[in-house]
Amino acid sequence: MNHEREVPRFFQIVVAGVIIREQSVLLLQRREDEDVLPGIWEFPSGKRNFDETSEEALVREVKEETGLSVILERPISVFEYTIETPTEVRDTTQINFLVHLRDPQQIVKINKEEHQAVCWFTKEELHSLQNISEETRKCALMALLNQS
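Structure report, in brief. Note that the structure is predicted; figures quoted are calculated from it, not measured.

Rules and cut-offs
- Residues numbered from 1 in each chain as written.
- Predicted model: local features only at pLDDT ≥ 70, side-chain atom pairs only at ≥ 80, totals over all residues.
- Heavy atoms only, no water.
- Helix = DSSP H or I, 4+ residues; strand = E, 2+ residues; numbered from the N terminus.
- Rg over C-alpha atoms; globule rule 2.2 N^0.38 Å.
- Buried < 20%, exposed > 50% of the residue type's maximum accessible area, 1.4 Å probe, protein only.
- Contact = heavy atoms within 4.5 Å.
- Areas by Shrake-Rupley, 256 points an atom, 1.4 Å probe, with all protein chains shown as cover.
- Lys, Arg positive; Asp, Glu negative; His and termini not counted.
- Charge placed at Lys NZ, Arg CZ, Asp CG, Glu CD.
- Core = buried A, V, L, I, M, F, W, Y, C linked by side-chain atoms within 4.5 Å.
- Expected span 1.5 Å × (residues − 1).
- Arc of directions from axis to C-beta.
- Phe/Tyr/Trp six-rings, centres within 6.5 Å; stacked < 30°, edge-to-face > 60°.
- Lys NZ or Arg CZ within 6 Å of the ring centre and 35° of its normal.

### Considering the overall build of the protein
And step 1. Along the protein, the regular secondary structure elements total three helices and seven strands.
And step 2. Reading the secondary structure of the protein in the N-to-C direction produces β-β-β-β-α-β-β-β-α-α.
And step 3. Taken against the 2.2 N^0.38 rule, which gives 15 Å for 148 residues, the C-alpha radius of gyration of the protein at 16 Å falls within 12% of a compact globule.
And step 4. By its C-alpha atoms, the protein is 60 × 35 × 30 Å across when sized along the principal axes.
And step 5. For the protein, the residues scored as buried account for 45% of the 148 residues in total.
And step 6. Partitioning the intrachain contacts of the protein with sequence separation of at least 6 by distance along the chain shows that 68% fall at a separation of at least 24.
And step 7. Here the protein displays about 8900 Å² of accessible surface, and carbon together with sulfur accounts for 50% of that area.
And step 8. Between the centroid of the 17 positive side chains of the protein and the centroid of its 27 negative side chains there is a distance of 3 Å.

Next up, the structure:
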């Protein structure tokens, strides 16, 4: 008989904003003290709540994480991943949307509780960037290519 405690498993949908400006893509770096994926570069993103659409969730998450107001253009990619912690397993589907800034002059103001850095990366910089998932790198490069 197995006496190990079964950890809860659940599905989640994450929506992410791929924001392009002047041939660069915006990425945020997670804090080093995060329990999940510390220090990784990612798009502004977050979990979709039960009572909201993907568009509502993305507009909310981008605003919370960057202070930016955005308009969704279209979904551009989807990828899946699993996050395992000692207390849970999250089977995640991430939908990446190309979004535009409502006002191109907006200034990014990151939420320091979740992220430690923000940067606009060019295609060349993305190729050599460390601490980024290959799925995120591929999506960012594809978005930049389509904007050229």
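### A word on the nonpolar core
And step 1. Val-18, Val-25, Leu-27, Phe-43 and Leu-126 are the most contacted members of the largest nonpolar core, which totals 18 residues.
And step 2. Of all the secondary-structure elements, those providing two or more residues to this core are β1 (9–21), β2 (24–30) and α3 (134–147).
And step 3. Not counting residues within four places of it along the chain, the set of residues in contact with Phe-43 comprises Ala-16, Gly-17, Val-18, Val-25, Leu-26, Leu-27, Glu-65, Gln-94, Asn-96, Thr-136, Cys-139 and Ala-140.
And step 4. Core analysis: the second largest hydrophobic core is formed by 17 residues, Ile-95, Phe-97, Leu-101 and Val-108 among them.

### Observations concerning helix α1 (residues 54–66)
And step 1. Between its terminal C-alpha atoms α1 stretches 18 Å, which fits the 18 Å expected from 13 residues at 1.5 Å a residue.
And step 2. Three or more residues of α1 are buried, namely Ser-54, Ala-57, Leu-58, Glu-61, Val-62, Glu-65 and Thr-66. The buried residues of α1 occupy an angular sector of 125 degrees when the element is viewed end-on, so they sit on one face.
And step 3. Its buried side turned inward, α1 meets β1, β2, β4 (45–47), β5 (70–84), β6 (89–101) and β7 (115–122).
And step 4. The first or second residue beyond α1 is Gly-67, which carries a positive phi of 80 degrees.

### Remarks on the packing of aromatic side chains
And step 1. Counted under the stated rule, the structure contains two aromatic pairs.
And step 2. Centre to centre, the rings of Trp-41 and Phe-121 are 5.0 Å apart; their planes meet at 85 degrees, and the pair counts as edge-to-face. Highlighted residues: Trp-41 in strand β3 (residues 41–42) and Phe-121 in strand β7, separated in sequence by 80 residues. For the residue pair Trp-41 and Phe-121, the accessibility class agrees, reading buried in each case.
And step 3. With a centroid separation of 6.0 Å and an interplanar angle of 40 degrees, the aromatic rings of Phe-79 and Tyr-81 are classed as tilted.
And step 4. Judged by relative accessible area, which is 24%, Tyr-81 ranks as partly exposed.
And step 5. Over the ring of Trp-120 we find Arg-21; its NZ or CZ atom is 4.2 Å from the centre of that ring.

Treat this as a map of the structure, not an account of what it does.
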